[in-house]
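# Close look at the chain arrangement
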Amino acid sequence: MRVRGSSASRNKLKKLYSITKGFWGRKKNVYRRAREAYLHALTTAFAGRKRKKRDFRKLWIIRINAAARVNGIAYSALIAGLKKANININRKMLADLAVNDMAAFAQLVEKAKTAL
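A brief report on the enclosed structure follows. (Residues numbered from 1 in each chain as written. Predicted model: local features only at pLDDT ≥ 70, side-chain atom pairs only at ≥ 80, totals over all residues. Heavy atoms only, no water.)

In this section: the overall build of the chain. In terms of helices and strands, the chain carries 5 helices and 0 strands. Listed by position from the N terminus, the elements making up the chain come as α-α-α-α-α. Relative to the compact-globule value of 13 Å for 116 residues, the chain shows a C-alpha radius of gyration of 26 Å, a clear excess of over 25%. With the C-alpha coordinates aligned to their principal axes, the bounding extent of the chain is approximately 85 × 30 × 20 Å. Considering the chain as a whole, with its 116 residues, one finds that 17% of them fall into the buried category. For the chain, restricting intrachain contacts to residue pairs at least 6 apart in sequence, the fraction spanning at least 24 positions comes to 47%. Surface exposure of the chain reaches about 8,900 Å², of which carbon and sulfur atoms provide 56%. In the chain, which carries 29 positive and 5 negative side-chain charges, the distance between the mean positions of the two groups comes to 18 Å. (Helix = DSSP H or I, 4+ residues; strand = E, 2+ residues; numbered from the N terminus. Rg over C-alpha atoms; globule rule 2.2 N^0.38 Å. Buried < 20%, exposed > 50% of the residue type's maximum accessible area, 1.4 Å probe, protein only. Contact = heavy atoms within 4.5 Å. Areas by Shrake-Rupley, 256 points an atom, 1.4 Å probe, with all protein chains shown as cover. Lys, Arg positive; Asp, Glu negative; His and termini not counted. Charge placed at Lys NZ, Arg CZ, Asp CG, Glu CD.)

Set out below in structure tokens:
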């Protein structure tokens, strides 16, 4: 008696089609196109996770620079001053202070200015 794999094949198809649900055109319901689109989506998702880190760092730097200029110092000078003053604070926390606690950020700016 030969082995028939229709149930396994159907499950494989169903799984792929459920993943590609919402894709445009034939990419959602033609096996070859769906498989190509799925593999491409995986690589794009991987790249997107790396991109996200870059984008957030960029955003934090923009926010820090804007707040620093309000306090009369450039971003690069602020970072250099903080390093000289031995204040180890990452850009994520600096950006959070710049947005939510301007007084604390201003104190850090003053310490950076005196260190320079």
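Taken as a whole and judged by the stated rule, the model has 1 aromatic pair. Taking 6.0 Å as the distance between ring centres and 40 degrees as the angle between the ring planes, the aromatic pair formed by F56 and W60 counts as tilted. Here F56 pairs with W60, and both are found in helix α2 (residues 31-70), just 4 residues apart, close to one helical turn. By relative accessible area, F56 is classed as partly exposed at 39%. (Phe/Tyr/Trp six-rings, centres within 6.5 Å; stacked < 30°, edge-to-face > 60°.)

Between its terminal C-alpha atoms α2 stretches 57 Å, which fits the 58 Å expected from 40 residues at 1.5 Å a residue. Within the span of α2, buried status applies to A34, A37, I64, A67 and A68. Of the surrounding secondary structure, the elements contacted by the buried residues of α2 are α1 (6-19), α3 (75-84), α4 (91-100) and α5 (102-115). Backbone geometry just downstream of α2 places G72 in the positive-phi region, at approximately 80 degrees. (Expected span 1.5 Å × (residues − 1).)

Right, let's talk about the nonpolar core for a bit. Counting 15 residues, the largest nonpolar core has I64, L78, L82, L94 and F105 as its most contacted members. Look past the residues within four positions of L82 in its chain and what remains in contact with it is I87, I89, L94, L108 and A112. (Core = buried A, V, L, I, M, F, W, Y, C linked by side-chain atoms within 4.5 Å.)

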